[in-house]
Amino acid sequence: MKKKMRVLWLSAIACNGNTHSFLNYPYMEQFLDDFEFIYHPVIDSEYSLEDIVSKEIACDILLIEGAISKEFKRADVSVVEIIEKYSKIVKKIVTVGTCATFGGIFRESGYEETSGLHFDQEEPLKTHQDLLDKTISVSGCPVHPEVLVNTLYAIKKSVALKLDNFLRPKEFYAYTVHNGCTRNEYFEYKVDNHRFGELEGCMFYDHGCQAPFTHGSCNKILWNEVNSKTRAGLPCMGCTEPAFPRQNLFSTKKNMAIPENLPVGVGKRVYLTLAGISKAFKIDRLEKKLFDD
């Protein structure tokens, strides 16, 4: 009989968005043939949360969803204590989503010192440094189910994943969301005649799209295998990044008509040069609706 990897899914200060995203994984039957949850907050599992807290159940991978604070408890035990207990047992720890990785939106909760496991936004934490070598982070609000599942299979198959400075697999986070965006031609020629929900126009210049400086595979590994925010006409909100969520998500903050945040690796002087050249072009087809005759 094939041996399954045993997984503990621990929910900290969370909205359960990553859980619901995971439940949309299209090949769940195959996944559950290779992995078993000793505990999951939604999926039927062998043990209860009380069992997890009161006993020491053998498992291979600890998944943490949600931001972390010593004050926050599960089954009357601090979630930090539960993490510390099972971190000694498991082979790998995976922080699932932006809250578990960076603190996310729940940094603003009423709990003291709320953060991710290893980062408070971009700031590395001094706590749990003994777990750094065990940890892989998959950020996102929520994380794409294929990114999570493929990371778990890499662990199962002992694949040595190359990680970035935030412990995220480069396989999924070396790209920006801009990579693969169907609106790239509009971006290149600074055509920003966008309206929400429409197919035409770039959303970077006026509507707050953060795709050029957000690391993720949203336009390479499509949601539900068909779509992404930018394809559907909604700006990228930068949900995989440490500072998520920022204010004024649907407007581009500018200084002297220059976006405050520029594409990764592009300086202001270079941007002004490219913008000047791009504005010299007038391409009629980019000013029209895609399906107009």
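Nothing here was measured: the structure is a model prediction, and the numbers come from that model. (Residues numbered from 1 in each chain as written. Predicted model: local features only at pLDDT ≥ 70, side-chain atom pairs only at ≥ 80, totals over all residues. Heavy atoms only, no water.)

Draft legend 1. Local environment of the pairing of strand 3 (residues 61-65). With respect to burial, strand 3 is a largely interior element, five of its five residues being buried. Of the two faces of strand 3, the one carrying Ile 61, Leu 63 and Glu 65 and the one carrying Leu 62 and Ile 64 are both buried. Bridging between strand 3 and strand 6 (residues 92-96) involves five bridges; their strand directions are parallel. In the sheet register, Leu 63 faces strand 6, and the bridge partner there is Val 94. (Buried < 20%, exposed > 50% of the residue type's maximum accessible area, 1.4 Å probe, protein only. Helix = DSSP H or I, 4+ residues; strand = E, 2+ residues; numbered from the N terminus. Pairing = 2+ DSSP bridges.)

Draft legend 2. The environment of Val 177, seen in detail. When you line up the elements, Val 177 lands in the loop between helix 7 (170-173) and helix 8 (184-188). For the pair Val 177 and His 215, spaced 38 residues apart in sequence, the C-alpha separation works out to 6.0 Å. Apart from the residues within four sequence positions on either side, Val 177 is in contact with Ala 211, Thr 214, Gly 216, Cys 218, Asn 219 and Cys 236. (Contact = heavy atoms within 4.5 Å.)

Draft legend 3. Broad picture of a nonpolar patch on the surface. On the surface, Leu 199, Leu 290 and Phe 291 cluster together to form a nonpolar patch covering roughly 340 Å² of accessible area. One can find Phe 291 in the segment after helix 10 (268-279). (Patch = residues over 30% accessible without salt bridge, like charges linked within 9 Å, V, L, I, M, F, W, Y side chains within 5 Å. Areas by Shrake-Rupley, 256 points an atom, 1.4 Å probe, with all protein chains shown as cover. Salt bridge = Lys/Arg side-chain N within 4 Å of Asp/Glu carboxyl O.)

Draft legend 4. Inspection of helix 10 at higher detail. Relative to the 16 Å expected for twelve residues at 1.5 Å per residue, helix 10 spans 16 Å between its end C-alpha atoms, a close match to the ideal helical length. What helix 10 keeps buried is the set Tyr 271, Ala 275 and Ser 278. Angular distribution of buried residues about the axis of helix 10 spans 65°; they occupy a single face of the element. Buried residues along helix 10 sit in contact with helix 8 and strand 11 (258-259). (Expected span 1.5 Å × (residues − 1). Arc of directions from axis to C-beta.)

Draft legend 5. Fine view of the domain arrangement of the protein. You can read the domains of the protein as domain 1 (5-171) and domain 2 (175-293). Between domain 1 and domain 2, the C-alpha centre-to-centre distance is 31 Å. Every contact between the two is made by 22 residues of domain 1 and, on the other side, 15 residues of domain 2. Buried area between domain 1 and domain 2, both sides added, is near 1400 Å², and the carbon and sulfur share of it is 58%. Counting across the interface, domain 1 meets domain 2 through one salt bridge. Between Arg 168 and Glu 241 there is a salt bridge whose closest N-O contact spans 3.5 Å. Remark: the boundary between domain 1 and domain 2 carries six residue pairs in polar contact (both at pLDDT 80 or more). The dominant element in the side of domain 1 that touches domain 2, judged by the number of residues it contributes, is helix 6 (residues 145-156), at three residues. A breakdown of the residues in the side of domain 1 that touches domain 2 according to their chemical character gives ten nonpolar, eight polar and four charged. (Domains from an automatic or database assignment. Buried area = accessible area lost by both parts, 1.4 Å probe. Polar contact = N/O pair within 3.5 Å; in protein donor to acceptor, adjacent residues only side chain to side chain. Nonpolar A, V, L, I, M, F, W, Y, C, P; charged D, E, K, R; others polar.)

Draft legend 6. Structural view of the pairing of strand 6. Counted residue by residue, strand 6 has four buried out of five residues, so it is predominantly covered. Where strand 6 meets strand 9 (residues 135-138), four bridges bridge the pair, whose relative direction is parallel. Residue Ile 93 lies in a different strand from strand 9, and its bridge partner there is Thr 135.

Draft legend 7. Molecular detail of the sheet that holds strand 1 (residues 5-11). Here we have five strands laid out as an open sheet, ordered 2-1-3-6-9, and parallel in their pairing. Since the sheet does not close on itself, it has two edges, and those belong to strand 2 (35-39) and strand 9, each with one partner. Averaged over neighbouring strand pairs, the angle between their axes works out to 25° when direction is ignored. Its contacts with the sheet put helix 4 (residues 79-87) on strand 1, strand 3 and strand 6, and the angle it makes with strand 1 is roughly 165°. (Axes fitted to C-alpha atoms, helices over the stretch in contact; angles between N-to-C directions.)

Draft legend 8. Local environment of the pattern of salt bridges. A complete count under the given rule lists twelve salt bridges for this structure. The residue Asp 206 makes a salt bridge to Lys 254 at a minimum N-O spacing of 2.9 Å. One end of the pair, Asp 206, is in the loop between helix 8 and helix 9 (229-232); the other, Lys 254, is in strand 10 (residues 254-255), with 48 residues separating them in the sequence. Taking relative accessible area as the criterion, Lys 254 reaches 36% and is therefore assigned partly exposed. Lys 253 is the partner of Glu 260 in a salt bridge, and the nearest nitrogen-oxygen pair spans 3.6 Å. When its relative accessible area of 55% is taken as the criterion, Lys 253 is described as exposed. Here the residues in one salt-bridge network are Arg 6, Glu 36 and Glu 46, joined through shared partners.

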